[in-house]
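Breakdown of the fold
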Amino acid sequence: MLQQQQLRQLLPEGKGDTGTALALLGGSVAALGLWKWLGRKRIQRKMEEARRTREEGMKKMAKAVQQFREQVPSVQRDAILSLPLLELSGRLQEGSLSPRTVLYTYLEKALEVTQQTNCLRHFIPECEEQLQEIERRMEKGLLYGIPVSIKDHIGHKGHLATCGLMQCLDTVMEEDSVLVKVLKKQGAIPFAMTNVPQSLFSYECSNPIFGQTLNPLDPQRSPGGSSGGEGALIAGGGSILGMGSDVGGSIRLPSSFCGLCGLKPTAERLSLSGVTGPVNGIVAVPCSLGPMARDVDSLALCMKALLCQEMFQLDPSVPPIPFNEEVYSSSAPLRVGYYDTDGYFPLPPCMRRAVKETRSALQAAGHQLVPFSPPRIPYVINELFMKTFFADGGRAFLDVFTGNIVDPGLKAQVNACKMPRLVKKLLALLLKPLFPRLADHLSSMAGMRSVQEMWDHQHQIQVYRSQFISQWQQLQLDVVLCPVLGPAFTMGYPRKLLGAISSTMLYNVLNFPAGVVPVSTVTEADEEELKLYKGCCDDPWDRTLKQAVSGAVGMPVAVQCVALPWQEELCLRFMKEVETLSHGGRRVA
């Protein structure tokens, strides 16, 4: 009775009976349900439209390829696809191969690769206009006639930059990103945009719009991420040069998983203008754009082409430092620091073996090898890296999931972000005695409580960088050799092991140039040794890592090469040395 009286007081006079109130309440609930249903239908239509647009684009490209094959039936497709980038570039420059022949050859191969791996988000039909444009030019750029693939969120005029998110399906880029403009100026032909994980914050490669990308070397395994579409396309032979991005390993992990070379430059070395992201304004750990390819010389040619006056004029915030060919071509012995574990997440035996064998080969070639131990990796991962991206407790991250449609690869992260700060802290406290790494990881996602705390956090990153550089300089190092996560995980495991990417995260926090070079493959002996793997804590993460990489005989095994900021040429030179030695060659006298 009391509740009915209160309800009558809230309603207009003469309409205060309970039946009317319940009817209003029921109507409101029904209206809310209808509104949500209509919202889900709208999102579903947008997703279906995006998929339909992709399919239409692929059909258009397939038709164009077929027409070309009918006009020029004598093209030696396999011979063209087998050419390394430097040789292909030389043939294009001298005119013994035409840009048209090369473009349609790679378009045809890319169609085949994406049918096997689902690596493409969209073909770029304007590639035919760019082809006509470079054929009219008198001056040939350094990448004249080279087909180039680009990651989903690197802006291209007239196309979406989705980041795998529904909320980005309405936003068409009004102009090319600076990177694409410079590629075109140098004669390159951007021809495809590649798939990414939803939100980019994952090293799987799956999103609810365009689906799961597979590793072309083993379809049961992940290609890595977030530049996983690039990794799959290049490894499958459908692209000779690709552009990715890296904020935690997103160039280096796909390169490791797919057996490619990839470079993460110092963040500001290449322009980020026109590149989108799910959450903007995170500057403490910056994003880097960089190339991915089959060999190191391809990466060097790409960087040489991009570091030109056009880049510096279009984006004056990029330091005007042209590519230093003298440093890249040097054969002087190097002083190399090395480690095969960071002490936080010991990698599988094959990845540590790769570092040891590369160290021995470098030493035999005349380089000086010095043990190096990166300081305080647990602190870097949790206090510096994770707190940067979850400074608000994950609220901005949650906001990007329109309609609450979340890819399975991100559900664990999303659920953790949904927990109230107090729950995260209490759960971390309870987990600490049993699973200390998981507890610290969860605690770092609780976020910061004040602007002062954020300022202190950014200062801590600066202090750590200074301390790391000081340790580097005390040892008089030129470069560092270290492991990278691999081999390729079985599908579904990256989502369970975010903390496993400590080997790459470190150099995003430091903002050092770092590259990956494949040097070996997993052997039967590695598999046997994996059976004895215990990790460092014998916790669920260690056991899950063992499961993730088992059965990978024959998959690529890579190492990571690192230099100080702004020394991309030295990093590439070191990568080239490692690549040459892994093939049985010698560069140093």
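Structural notes, computed from the coordinates. Just so you know, these numbers come straight off a predicted model, no measurement behind them.

**Side note on helix α5 (residues 99–117)**
Between its terminal C-alpha atoms α5 stretches 26 Å, which fits the 27 Å expected from 19 residues at 1.5 Å a residue. By the criterion of burial, α5 is predominantly enclosed, with 15 of the 19 residues buried. Directly beyond the C-terminal end of α5, a positive phi value near 60 degrees is found at Asn-118.

**Quick word on the pattern of salt bridges**
The final tally for this structure, using the stated rule, is 32 salt bridges. When the shortest N-O distance is used, the salt bridge between Glu-112 and Lys-109 registers 3.8 Å. One end of the pair, Glu-112, and the other, Lys-109, are both in helix α5, three residues apart, so they sit about a helical turn from each other. Taking relative accessible area as the criterion, Glu-112 reaches 27% and is therefore assigned partly exposed. When the shortest N-O distance is used, the salt bridge between Glu-175 and Lys-181 registers 2.8 Å. Taking the relative accessible area as the measure of exposure, Glu-175 reaches 48% and is therefore partly exposed.

**Quick word on the layout of surface pockets**
Taken as a whole, the largest pocket encloses approximately 790 Å³ of empty space. In terms of lining residues, the largest pocket is bounded by 38 residues, among which Val-247, Gly-277, Val-279, Ile-282 and Cys-287 are the most central. Within the residue set of the lining of the largest pocket, elements represented by two or more residues are β6 (241–246), α14 (377–389) and α15 (395–399). Residues of the lining of the largest pocket, tallied by class, amount to 20 nonpolar, 13 polar and five charged.

**Quick notes on empty space enclosed by the protein**
Under the definition given, this model contains five cavities of 30 Å³ or more. Empty space within the largest cavity amounts to approximately 120 Å³. Phe-201, Ser-202, Gly-248, Ser-250 and Ile-501 are, among the 15 residues lining the largest cavity, the residues nearest its centre. Taken as a whole, the second largest cavity spans an internal volume of roughly 60 Å³. Considering the residues around the second largest cavity, the lining is formed by Tyr-339, Asp-342, Phe-345, Leu-347, Ile-377, Pro-483, Ala-500, Ser-502, Ser-503 and Leu-506. Here the lining of the second largest cavity takes three residues from helix α20 (residues 502–510), the largest share from any one element. Tallied by class, residues from the lining of the second largest cavity come to seven nonpolar, two polar and one charged.

**Some remarks on the packing of aromatic side chains**
Counted by the stated rule, this structure contains 23 aromatic pairs. Both rings, one in Phe-201 and one in Phe-389, keep their centres 5.4 Å apart while their planes meet at 45 degrees; by these two values the pair is tilted. Placement of Phe-201 in the loop between β3 (189–194) and β4 (206–207) and of Phe-389 in helix α14 is noted, with a sequence separation of 188 residues between them. Since its relative accessible area comes to 14%, Phe-201 is described here as buried. Looking at Phe-389, the relative accessible area reads 15%, which means it is buried. On the basis of an interplanar angle of 75 degrees and a centroid distance of 5.9 Å, the ring pair of Phe-390 and Phe-397 is categorised as edge-to-face. Taken as a pair, Phe-390 and Phe-397 share a single burial class, namely buried. What links up through ring pairs into an aromatic cluster is the set Tyr-339, Phe-372, Tyr-379, Tyr-464, Phe-468, Trp-472, Tyr-507 and Phe-512. Above the plane of the ring of Phe-345 lies Arg-437, whose end atom (NZ or CZ) is 4.5 Å from the centre.

**Here's the deal with the packing of α14 against helix α19 (residues 451–474)**
Direction vectors running N to C along α14 and α19 enclose 135 degrees, while the axes themselves pass 10 Å from each other. What the angle tells us is that α14 and α19 run oblique. Considering only the axes of α14 and α19, their crossing is left-handed. Contact residues: Ile-377, Tyr-379, Val-380, Glu-383, Leu-384, Lys-387 and Thr-388 in α14; Glu-453, His-457, Gln-460, Ile-461 and Tyr-464 in α19. Residues of the contact of α14 with α19, tallied by class, amount to six nonpolar, three polar and three charged.

**Focus: the sheet that holds strand β11 (residues 479–483)**
As summarised here, the arrangement of the 11 strands in space is β1-β3-β2-β6-β8-β7-β12-β13-β11-β9-β10, forming an open sheet in which the pairing is mixed. Strands with a single pairing partner mark the edges of an open sheet, and in this sheet they are β1 (120–123) and β10 (368–371). Taking the axes of each pair of neighbouring strands and ignoring which way they run, one obtains an average angle of 30 degrees across the sheet.

**Focus on the environment of Glu-528**
Within the secondary structure layout, Glu-528 lies in helix α21 (residues 524–530). The class for Glu-528 is partly exposed, based on a relative accessible area of 47%. Separated by 408 residues in sequence, Glu-528 and Leu-120 have C-alpha atoms that sit 36 Å apart.

Cut-offs used in this document
- Residues numbered from 1 in each chain as written.
- Predicted model: local features only at pLDDT ≥ 70, side-chain atom pairs only at ≥ 80, totals over all residues.
- Heavy atoms only, no water.
- Helix = DSSP H or I, 4+ residues; strand = E, 2+ residues; numbered from the N terminus.
- Expected span 1.5 Å × (residues − 1).
- Buried < 20%, exposed > 50% of the residue type's maximum accessible area, 1.4 Å probe, protein only.
- Salt bridge = Lys/Arg side-chain N within 4 Å of Asp/Glu carboxyl O.
- 1 Å grid on protein atoms, 1.4 Å probe; cavity = no way out; pocket = protein on both sides within 12 Å on 5 of 7 lines; lining within 4 Å.
- Points joined across faces, edges and corners; volume = space filled by probe spheres on them.
- Nonpolar A, V, L, I, M, F, W, Y, C, P; charged D, E, K, R; others polar.
- Phe/Tyr/Trp six-rings, centres within 6.5 Å; stacked < 30°, edge-to-face > 60°.
- Lys NZ or Arg CZ within 6 Å of the ring centre and 35° of its normal.
- Axes fitted to C-alpha atoms, helices over the stretch in contact; angles between N-to-C directions.
- Parallel < 35°, antiparallel > 145°, perpendicular 65-115°, else oblique.
- Left-handed = near helix turned anticlockwise from the far one by under 90°.
- Contact = heavy atoms within 4.5 Å.
- Pairing = 2+ DSSP bridges.

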